[in-house]
There are 2 protein chains.
Amino acid sequence: MATSESGFAAGVLASWNQVIGQVDKGLAGWSDEALQTEVAPGRNRLYYLLGHLTAVHDRMLPLLRLGDRLYPGLDQQFLTKADRAFTGEGPTAAELRKAWAEVNGKLTAALAQLSAAELLERHASVSEEDFAKEPHRNRLAVVLSRTTHAAMHEGQMRLVKTAK
Amino acid sequence: MATSESGFAAGVLASWNQVIGQVDKGLAGWSDEALQTEVAPGRNRLYYLLGHLTAVHDRMLPLLRLGDRLYPGLDQQFLTKADRAFTGEGPTAAELRKAWAEVNGKLTAALAQLSAAELLERHASVSEEDFAKEPHRNRLAVVLSRTTHAAMHEGQMRLVKTAK
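Residues numbered from 1 in each chain as written. Chains lettered and ligands numbered in written order. Predicted model: local features only at pLDDT ≥ 70, side-chain atom pairs only at ≥ 80, totals over all residues. Heavy atoms only, no water.

> How should I be thinking about the overall build of chain A in this particular structure?
Within chain A, the secondary structure is distributed over seven helices and zero strands. Overall, chain A shows an N-to-C arrangement of helices and strands of α-α-α-α-α-α-α. Computed over its C-alpha atoms, the radius of gyration of chain A comes to 17 Å, within 12% of the 15 Å expected for a compact globule of 164 residues. Counting only C-alpha atoms and orienting by the principal axes, one finds that chain A spans roughly 50 × 35 × 25 Å. Counting every position in chain A, which comprises 164 residues, the buried fraction comes to 48%. (Helix = DSSP H or I, 4+ residues; strand = E, 2+ residues; numbered from the N terminus. Rg over C-alpha atoms; globule rule 2.2 N^0.38 Å. Buried < 20%, exposed > 50% of the residue type's maximum accessible area, 1.4 Å probe, protein only.)

Spelled out as structure tokens, the structure:
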């Protein structure tokens, strides 16, 4: 049974890694200037979507009880506000690429250390009392939902041609 | 342990259903005429992406060993060829909506009947010999990869405004 469970965990992690890898592949083909391109007329720029995904993944660290956030400063620009609505000084494209890599590096390493049983433990936004009644509110649900969220935005990002 | 395994299977199925539901939500907000809209200039039309997802999901029936395909006739137009490259008479938007609903209805009902152990059994494109060496080539891997595939295209489709 333990073997079967680890089969599930490995499959879920492989799916997560596959989507992150697709974003990385796009990033390798866009220059910093190209990151200013909108994915469709009047829609989000690549730069914004990269910041958005980085902020969302950074928030997964405490949500999955895997450690502290690395870049809490991203939320105002990339979660609270829409693209181009932030008036402060945001990160450069190069800084954002670095943050994306660091966040996913820390997150993916920590996820790989979780046992199948630990993946089925509660996430940090549900109390132990509520989790006893709603056991589907687990880390797995967070990982699966953030995987499809990243895939959804990656599909938008890939509409912008890469140099490769 | 059986409880934990079914927790994994339930989470994976919920993620699949969530993505299908997002596409359905978009479809409810686009008229048949609106389905002719490209998701971005020069990119696939909603009509094509709907046919593409329907064909891919229809192929999951035999691939997951859950039964025969319902619409094998879709492949030439929506898998082999790019959008607008097919010169035959394709399905109407209404026919495509019906096919999409039927395929996912049959598929999702069959998936819900699979036990966690059955989800970890081989898919139809891997031989029993190869599967013994590569147990990750299971139904689960197909479901997860088609979930992110659908999410990726759903992200593109949602760039087109709906009437609701």
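> It is not clear to me how the confidence of the model for chain A should be interpreted in this structure. Could you clarify?
Interpreting fine coordinate detail is not advised for predicted regions of low pLDDT. Overall, the prediction assigns chain A a mean pLDDT of 95, with 98% of residues at 70 or greater. Interface confidence for the predicted complex, given as ipTM, is 0.95, next to a pTM of 0.96. (pLDDT = per-residue confidence, 0-100.)

> Looking at this model, I keep getting lost on helix α7 (residues 139-157) of chain A. Mind explaining?
An α-helical segment advances 3.6 residues per turn. Residues three or four places apart therefore align on the same side. Its 19 residues give α7 of chain A an end-to-end C-alpha distance of 27 Å, which sits within 8% of 27 Å, the value for a rise of 1.5 Å per residue. Of all 19 residues in α7 of chain A, 16 are buried; the element is thus mostly enclosed. (Expected span 1.5 Å × (residues − 1).)

> Is there a simple way to think about the interface of chain B and chain A in this case?
At the junction of the two partners, chain B supplies 31 residues and chain A supplies 31 residues. Among the residues of chain B in contact with chain A, Phe8, Arg43 and Leu159 of chain B are the three that bury the most area, contributing 27% of the side total. Viewed at the interface, chain A and chain B are joined by zero salt bridges. Here chain B is connected to chain A by four residue pairs in polar contact (both at pLDDT 80 or more). (Contact = heavy atoms within 4.5 Å. Buried area = accessible area lost by both parts, 1.4 Å probe. Salt bridge = Lys/Arg side-chain N within 4 Å of Asp/Glu carboxyl O. Polar contact = N/O pair within 3.5 Å; in protein donor to acceptor, adjacent residues only side chain to side chain.)

> It is not clear to me how the relation of the copies chain B and chain A should be interpreted in this structure. Could you clarify?
Two chain copies here: they are related by a rotation about an axis and a translation along the same axis. Note on the copies: chain B fits chain A at an RMSD of 0.0 Å, the axial shift is 0.0 Å, and the rotation between them is 180°. In short, the pair behaves as if placed about a two-fold rotation axis. Distance from the rotation axis, computed per C-alpha, reaches its smallest value in chain B at Met152 of chain B: 2.1 Å. A shared interface surface links the copies, since 100% of the contact residues of chain B are contact residues in chain A too. (Least-squares fit on C-alpha atoms with pLDDT ≥ 70 in both.)

> I'm lost on the pattern of salt bridges in this one. Help?
Opposite charge on two side chains lets them pair, provided their charged atoms get close. Residues and elements named next belong to chain A. Within this structure, the stated rule accounts for 26 salt bridges over all chains. Of the charged contacts, one joins Asp75 and Arg69 as a salt bridge, the two residues approaching to 2.7 Å between their closest N and O atoms. Judged by relative accessible area, Asp75 falls into the buried class, the value being 13%. With a shortest N-O distance of 3.8 Å, Lys133 and Asp130 are connected by a salt bridge. You can see Lys133 and its partner Asp130 sitting in helix α6 (residues 128-133), three residues apart, about one turn around the helix. For Lys133, a relative accessible area of 65% puts it in the exposed group. Asp130 gets classed as partly exposed once you look at its relative accessible area, which sits at 30%. What emerges from the salt-bridge pattern is a single network uniting Asp58, Arg59, Arg69 and Asp75.

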